[in-house]
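Results of the structural survey
Here is how the chains run, residue by residue.
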Amino acid sequence: MPAIEVRNLVKRFGSIVAVNGISLEIEYGEIFALLGPNGAGKTTTISILATLLKPTSGEAKINGYDVVKEAAKVRQSIGIVFQDPSLDDRLTARENLDIHGRLYHMSREERQRRIEEVLEMVELLDRADSIVKTFSGGMRRRLEIARGLMHKPKVLFLDEPTLGLDPQTRRHIWEYVEKLRDEGVTVLLTTHYMEEADYLADRIAIIDAGKIVAEGSPSELKDSVGGDIIKIKCSDAENMLKKLVSNGYDAMLVDDEIVIKAKEAEKMIPKIFAIADEEIKSITYKEPSLEDVFIHYTGKVFRDEEVDEIEASKMKWRMRR
Ligand SMILES: Nc1ncnc2c1ncn2[C@@H]1O[C@H](COP(=O)(O)OP(=O)(O)OP(=O)(O)O)[C@@H](O)[C@H]1O
Ligand SMILES: [Mg+2]
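Source: prediction; values computed, not measured.

All right, on to the overall build of the protein then. Looking only at helices and strands, the protein has twelve helices and 15 strands in total. Expressed as lengths along the three principal axes of its C-alpha atoms, the size of the protein is roughly 75 × 45 × 35 Å. Taken over 321 residues, the protein has a buried fraction of 51%. At a minimum sequence separation of 6, the contacts of the protein that also span at least 24 residues come to 70%. Of the roughly 15600 Å² of accessible surface on the protein, 48% is carried by carbon and sulfur atoms. Taken as two groups, the 48 positive and 57 negative side-chain charges of the protein have centres that lie 4 Å from each other.

The next thing to look at is the nonpolar core. Counting residues in each nonpolar core, the largest one holds 47 residues, and the members touching the most others are Leu-35, Leu-97, Leu-143, Leu-158, Val-187, Ile-204 and Leu-290. If you count residues domain by domain, this core takes at least three from each of domain 1 (4-216) and domain 2 (225-320). Not counting chain neighbours up to four residues away, the residues in contact with Leu-158 comprise Ile-46, Val-81, Ile-145, Val-177, Val-187, Leu-188, Leu-189 and Thr-190.

Right, let's get into the packing of aromatic side chains. Enumeration over the complete set of coordinates arrives at one aromatic pair. Centre to centre, the rings of Trp-174 and Tyr-199 are 4.7 Å apart; their planes meet at 25 degrees, and the pair counts as stacked. Here the residue Trp-174 occupies a position in helix H6 (residues 167-182), and Tyr-199 occupies one in helix H7 (residues 194-200), the gap between them amounting to 25 residues. Classification of Trp-174 as buried rests on a relative accessible area of 2%. Judged by its relative accessible area of 36%, Tyr-199 is partly exposed. Here the basic side chain of Arg-170 rests over the ring of Tyr-193, its NZ or CZ set 3.6 Å away from the ring centre.

This part covers the domain arrangement of the protein. Here the protein is described as being made up of domain 1 (4-216) and domain 2 (225-320). Summarising the inter-unit geometry, the C-alpha centres of domain 1 and domain 2 are found 38 Å apart. Contacts between the two partners involve 16 residues from domain 1 and, on the opposite side, twelve residues from domain 2. For the pair domain 1 and domain 2, the summed buried area comes to about 1200 Å², and 68% of that belongs to carbon and sulfur atoms. Of all residues in domain 1, the largest losses of buried area upon contact with domain 2 belong to His-192, Met-194 and Ile-206, amounting jointly to 40% of the total for that side. Linking domain 1 with domain 2 are zero residue pairs in polar contact (both at pLDDT 80 or more). Looking at the side of domain 1 that touches domain 2, the elements that each hand over two or more residues are H7, strand S9 (203-208) and strand S10 (211-216).

Within the protein, the atoms that donate to the magnesium ion (ligand 2) are Thr-43 (OG1) and Gln-83 (OE1), at distances of 1.9 to 2.1 Å. Of the two residues, Thr-43 sits in helix H1 (residues 42-49) while Gln-83 sits in the loop between strand S6 (78-81) and helix H3 (93-103), which places them 40 residues apart along the sequence. Accessibility expressed as a relative area gives 29% for Gln-83, which makes it partly exposed.

Looking now at the sheet that holds strand S1 (residues 4-13). If you trace the four strands from one edge of the open sheet to the other, you get S2-S1-S4-S5, paired in antiparallel fashion. Each edge of the open sheet carries a strand with a single partner, namely strand S2 (16-26) and strand S5 (65-66). Here eight bridges tie S1 to S2, and the two strands are oriented antiparallel to one another. Within the sheet, the bridge partner assigned to Lys-11 lies in S2 and is Val-19.

Turning next to the side chain of Thr-92. As for its position among the elements, Thr-92 is in the loop between S6 and H3. For Thr-92, a relative accessible area of 9% gives the class buried. If near-sequence neighbours (up to four positions away) are discounted, Thr-92 is found in contact with Ala-128, Asp-129, Ser-130, Ile-131 and Val-132.

Another point: unusual backbone geometry. Keep in mind that most residues, glycine aside, have a negative phi and that most peptide bonds are trans. Here Ala-209, not a glycine, exhibits a phi torsion of approximately 50 degrees, which is positive. Note that Ala-209 resides in the loop between S9 and S10. In this structure, Asp-255 is a non-glycine residue whose phi angle is positive, near 55 degrees. With respect to the helices and strands, the residue Asp-255 is situated in the loop between strand S12 (251-254) and strand S13 (257-262).

Parameters and conventions
Residues numbered from 1 in each chain as written. Chains lettered and ligands numbered in written order. Predicted model: local features only at pLDDT ≥ 70, side-chain atom pairs only at ≥ 80, totals over all residues. Heavy atoms only, no water. Helix = DSSP H or I, 4+ residues; strand = E, 2+ residues; numbered from the N terminus. Buried < 20%, exposed > 50% of the residue type's maximum accessible area, 1.4 Å probe, protein only. Contact = heavy atoms within 4.5 Å. Areas by Shrake-Rupley, 256 points an atom, 1.4 Å probe, with all protein chains shown as cover. Lys, Arg positive; Asp, Glu negative; His and termini not counted. Charge placed at Lys NZ, Arg CZ, Asp CG, Glu CD. Core = buried A, V, L, I, M, F, W, Y, C linked by side-chain atoms within 4.5 Å. Domains from an automatic or database assignment. Phe/Tyr/Trp six-rings, centres within 6.5 Å; stacked < 30°, edge-to-face > 60°. Lys NZ or Arg CZ within 6 Å of the ring centre and 35° of its normal. Buried area = accessible area lost by both parts, 1.4 Å probe. Polar contact = N/O pair within 3.5 Å; in protein donor to acceptor, adjacent residues only side chain to side chain. Donors = N, O, S within 2.8 Å, 3.2 Å for Na, K, Ca; no water. Pairing = 2+ DSSP bridges.

Spelled out as structure tokens, the structure:
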């Protein structure tokens, strides 16, 4: 039995179709990301799975329980971190967690023990008795994750866990999410940060306008758009090109650079060196990014403001000789 099973889920708000026939199967222990731009239907999907919204049609099961017919059982076995902050910032971290534990009918001893555990996990134990108002954005987010884990859910929903956080804090939160994998918690997260999905997720569903347009592991998705791109600068490009083509490489000359499409660049590069007598001045390669994947499947650019971040992550490997 999968941890999360979704069949043909549809949600309409009047004339808006927010979720338009989504199907998913997520196994226990997986970290699964719904990656998509603003308005794609990510929060709506998670809200249905967390029993906060009723689907217009289709069905979903969490831990084998139907989200409509067995909503109470679903709620008991999931944790959720909402896109919008939802802590009581007049209370301390410990008090916020304690209220949550009471809602889940945890005993006093259980609550005390678990509060220490979850705060330790997100490295906030030393701030347990500080008022949340004094916390930074990243600390609040960590506390919300701790709260989501308070009642030991098997499945945790994280709706945009690092929205608006600086890159360093974002990485910090990724570390906690990775720890959850080790503890066997199944995580369904939504994000519009491609880097986040790429780094964290075992599998990703790219969602656009209420539909899943592509699904797979980060590397499967990238492979599906057609391999890596290798670029070579060398002393005699014409001659090098002839040699590469006669050896069966998919190579062409662009300006003064040789551009080669490669299935796996890491494996191809040593072979290129082996056949080259020319002086190779530089070889670079880039993997297709999830941005390339998104463009490939939707024909649209993902989001302008993230371009710098994507560009920065593109040059994975550089070699000079
Ligand atoms: N309660 C509602 N009433 C009417 N329309 C809604 C409601 N909730 C969501 N929508 C619409 O459904 C679509 C999907 O919204 P949703 O919040 O699921 O997107 P999202 O992928 O989470 O976006 P974001 O990245 O901005 O959080 C949007 O067009 C939104 O305007
Ligand atoms: Mg959302």
